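# Working through the structure, step by step
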Amino acid sequence: MTVNIIETTEKGRPCGDGPDRALDRAGFERTTAIFLVVLLFILKVIYSFAYRADSDETQHLHVVWGWTQGLLPYRDLFDNHAPLFQFLCSPLFRVIGERPDILIPMRWAMIPLYFLCLWCVYRCGTMLLSRRLAIWAALLTGAYPTFFIKSTEFRTDDLWAPLWLLSILALVRRPLGPKNVFCAGLALGATFATSMKTSALLISLAISCVWLLAERAIRRTPTPWKSLPSLVIAGLAGVAIVPAIVIAYFAWKGALPNLSYCVIHHNLVAGFFRLDVLKRARLFVLPTLLSVIGGYFTVRGTKDPARRDRLALLALTSAALSLLFGLYWPIIEPHDILPLAPLAFLVAVPALSRWLRSDELSPAPGFRLYAFPLIACAEIALLLVSSPPAPHALDETTNLISDVLRLTTKQDQVMDAKGESVFRQRAFYYVLEGVTLRRLQLGLISDNIPERLMATRAPVATILRTPPRARQFIEKNYIPVAYRLRVLGQMLSTSDEEMPKTCAFEIAIPAEYRLLAEHGNLEATLDGTPFPGTRFLSPGHHEVRASSGSGRIALVLASAIEHGFSPFSAQANDVGKGGL
């Protein structure tokens, strides 16, 4: 593919030092662009192995696993995200199967979605700018550190962003007839089925459309008002299709109230606005500046009225979305940048290119040649410095999943914060994330975790993010045997007392237990009868009298000992933090 990068002045004369210079520049930028595409792909693969797991990733994986097991999200397991992303990922998940490193291949599946975003930026750029500027808008988007990192993680936003960009792509295509508007609406409806944050995108798009129509009316620019109703109808028809299918499916399954609560009502809780000025500024100041300043000069410098209006649509939508997220949205996270950054770079790159051709920089043609490659390389350098890949970044997540698979069967339920064990159903319905913790704090959700653990006889648990009552119960009835992981059991003796010694304790969850001494062989009686090594203990009061062995004495789930776990090992240091 030949890239036309020869730029001209306003009078039509070639910039630079003549045809040879332009050809050199074309070859250099084409080679650099290809190199950056390959480099970004290589970095994507590296980061899929070597970047820490976010808790959202295992939550999504757990929901995808539920689809493969015939469980219906919202009814059989909790999720506060729209269902399309997890549903589409379930066939691949089923093929991969149960494996502790499941996150890595599922991250690989996100790489095509990342490049689909860049392709959408490129296609919009070729329609509205030039092929050269389209390429650099796509590459600067792809190398932007926050965009790169968050699109590497396995999350719903990886599908949300390209669907949004596909809807934008359909809107900027010409002629703008009912067919294009219908396609835009269809993609926008799919974004609603992927994330309810699409409401922010729709608000921003509506603001920009109304602004442009008002501006055209003020300027008395000819506007095809008669075709507007048909375009609106086509767009609304497209928007309705995918959400209607989702609603019909869950209504057919009798789970529509569950869907409504989990996706909408659960996320609406009073007093949850987080100001966090520094975080909001760090995420949205740059996109806002690119959208407002870059968009202003890009639109102002575009002579063709048709292109100018479409660029204005992108600039206004991007600016409105930046301000909406930065100032008003209750909860903002770094992954909210995914649908925003592509639009911001798309409208800012032409303004930057025009500035580089200005008289102030005319003595430095070399800077014009290297500017965009240097910016892209600076973004990649910032990525490597701020979020460097680490060889063992996923060990904690992989080891936890592996340990749970070893300790449990498919019939067992477990207690974790957000589904980080992935392949096991959770004893407590709600995931313990920010909104749920706030609802627990307000008394809108009852902390019945202890009752659920007893009812399901959950063999393993973590204390990460657990509310106080649940944390107290888990610390009393579960004993650490691995990093952040506990199994049924108790430390009966915490000191190195001389034998014989007697320990009284209460059992809340019946199971097969084993007594273990820290040093030596333990000989003991339980409730007055010899303890053979393993015994099923029913709920209630029990008493152990140890006559041999030394050090601490632990009562541990028998299957954990059989699989090589020990409460006395160096790995038995549960460092999870809980509480509200």
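For the structure given in this document, a descriptive report is provided here. (Residues numbered from 1 in each chain as written. Predicted model: local features only at pLDDT ≥ 70, side-chain atom pairs only at ≥ 80, totals over all residues. Heavy atoms only, no water.)

Counting residues in hydrophobic clusters, the biggest one holds 92 residues, and the most contacted among them are Phe-93, Phe-154, Leu-453, Tyr-478 and Val-487. Setting aside its immediate chain neighbours within four residues, Phe-154 contacts Asp-56, Glu-57, His-60, Leu-61, Val-64, Phe-85, Cys-89, Leu-103, Met-106, Arg-107 and Met-110. Cys-120, Ala-143, Ala-184 and Val-299 belong to the second largest nonpolar core, which has 73 residues in total. (Core = buried A, V, L, I, M, F, W, Y, C linked by side-chain atoms within 4.5 Å. Buried < 20%, exposed > 50% of the residue type's maximum accessible area, 1.4 Å probe, protein only. Contact = heavy atoms within 4.5 Å.)

The final tally for this structure, using the stated rule, is 22 salt bridges. Note that Glu-98 and Lys-410 form a salt bridge whose closest N and O atoms lie 2.6 Å from each other. Placement of the pair is Glu-98 in the loop between helix 3 (84-96) and helix 4 (103-108) and Lys-410 in the loop between helix 17 (395-407) and strand 1 (413-414), with a sequence separation of 312 residues. Residue classification places Lys-410 among the exposed positions, given a relative accessible area of 51%. Glu-153 is paired through a salt bridge with Lys-150; the nearest N and O atoms lie 3.2 Å apart. Lys-150 sits in the buried class, given a relative accessible area of 8%. Through salt bridges with shared partners, one network takes in Asp-54, Asp-56, Lys-150, Glu-153, Arg-155, Asp-157, Lys-197, Asp-336 and Lys-418. (Salt bridge = Lys/Arg side-chain N within 4 Å of Asp/Glu carboxyl O. Helix = DSSP H or I, 4+ residues; strand = E, 2+ residues; numbered from the N terminus.)

Residues Arg-174 and Pro-175 are joined by a peptide bond in cis, for which omega reads 5°. With respect to the element layout, Pro-175 can be found in the loop between helix 8 (157-172) and helix 9 (178-192). At Tyr-74, a position not held by glycine, the phi torsion is positive, near 80°. Checked against the element boundaries, Tyr-74 lands in the loop between helix 2 (55-68) and helix 3. Take Tyr-74: its relative accessible area is 0%, and that puts it in the buried class. Positive phi, close to 65°, is recorded for Val-422, a residue that is not glycine.

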